[in-house]
Amino acid sequence: ADCAMWLKFAGLCRRAGRHSLAFKTLATLVPEPLDIPHRLRELAVRYPHVVFAYIKTLWCAGAAAPALDASKLSVQLSFVSFLILLQPLPLLVLL
């Protein structure tokens, strides 16, 4: 299916407070689990839009601190944002 559509759906779930459905949707878009913090950087290189949506969902769910070192969260977001700028998929998908 279309990745952009599923990212949009995950964003709608996140904004509606349906975080577990957003996490499940995002998990279907990558071949490896997203909930392993030390693997996020590697996944971000290959799937920057999915990882960015995942980190945003973690933040909204209040799970950013346990899942990621809070001091590294802004670095992760900056890295993923940079990778997104290199991708052809428009950022409107994540809004």
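Structure: see above.
So, here is what we can say about the structure in this document. Note that this is a predicted model, so its numbers are computed, not measured.

Time to look at the overall build of the protein. Along the protein, the regular secondary structure elements total six helices and zero strands. Helices and strands appear in the protein in the N-to-C order α-α-α-α-α-α. Across the 95 residues that make up the protein, the buried fraction comes to 36%. By sequence separation, contacts in the protein at least 24 residues apart represent 56% of the contacts at least 6 residues apart.

On to the pattern of salt bridges, then. Summed over the entire model, instances satisfying the criterion amount to three salt bridges. Here Arg-39 makes a salt bridge to Glu-32, at a shortest N to O gap of 2.2 Å. We classify Arg-39 as partly exposed; its relative accessible area is 26%. Ionic pairing is found between Glu-32 and Arg-46, a salt bridge with its closest N-O pair at 2.7 Å. With Glu-32 in the loop between helix 2 (19-27) and helix 3 (40-46) and Arg-46 in helix 3, this residue pair connects regions lying 14 residues apart in the sequence. Ionic contacts of the salt-bridge type, sharing partners, join the residues Glu-32, Arg-39, Glu-42 and Arg-46 into one network.

Our focus in this paragraph is the packing of helix 1 (residues 3-15) against helix 4 (residues 48-61). Across the interface, helix 1 lies against helix 4 with an axial gap of 10 Å and an inter-helix angle of 5°. Our classification of the angle between helix 1 and helix 4 gives roughly parallel. Residues Cys-3, Leu-7 and Arg-14 of helix 1 lie in contact with helix 4, whose contacting residues are His-49, Val-50, Ala-53, Lys-56, Thr-57 and Cys-60. Its residues assigned to classes, the contact of helix 1 with helix 4 shows five nonpolar, two polar and two charged.

Calculation criteria
Residues numbered from 1 in each chain as written. Predicted model: local features only at pLDDT ≥ 70, side-chain atom pairs only at ≥ 80, totals over all residues. Heavy atoms only, no water. Helix = DSSP H or I, 4+ residues; strand = E, 2+ residues; numbered from the N terminus. Buried < 20%, exposed > 50% of the residue type's maximum accessible area, 1.4 Å probe, protein only. Contact = heavy atoms within 4.5 Å. Salt bridge = Lys/Arg side-chain N within 4 Å of Asp/Glu carboxyl O. Axes fitted to C-alpha atoms, helices over the stretch in contact; angles between N-to-C directions. Parallel < 35°, antiparallel > 145°, perpendicular 65-115°, else oblique. Nonpolar A, V, L, I, M, F, W, Y, C, P; charged D, E, K, R; others polar.

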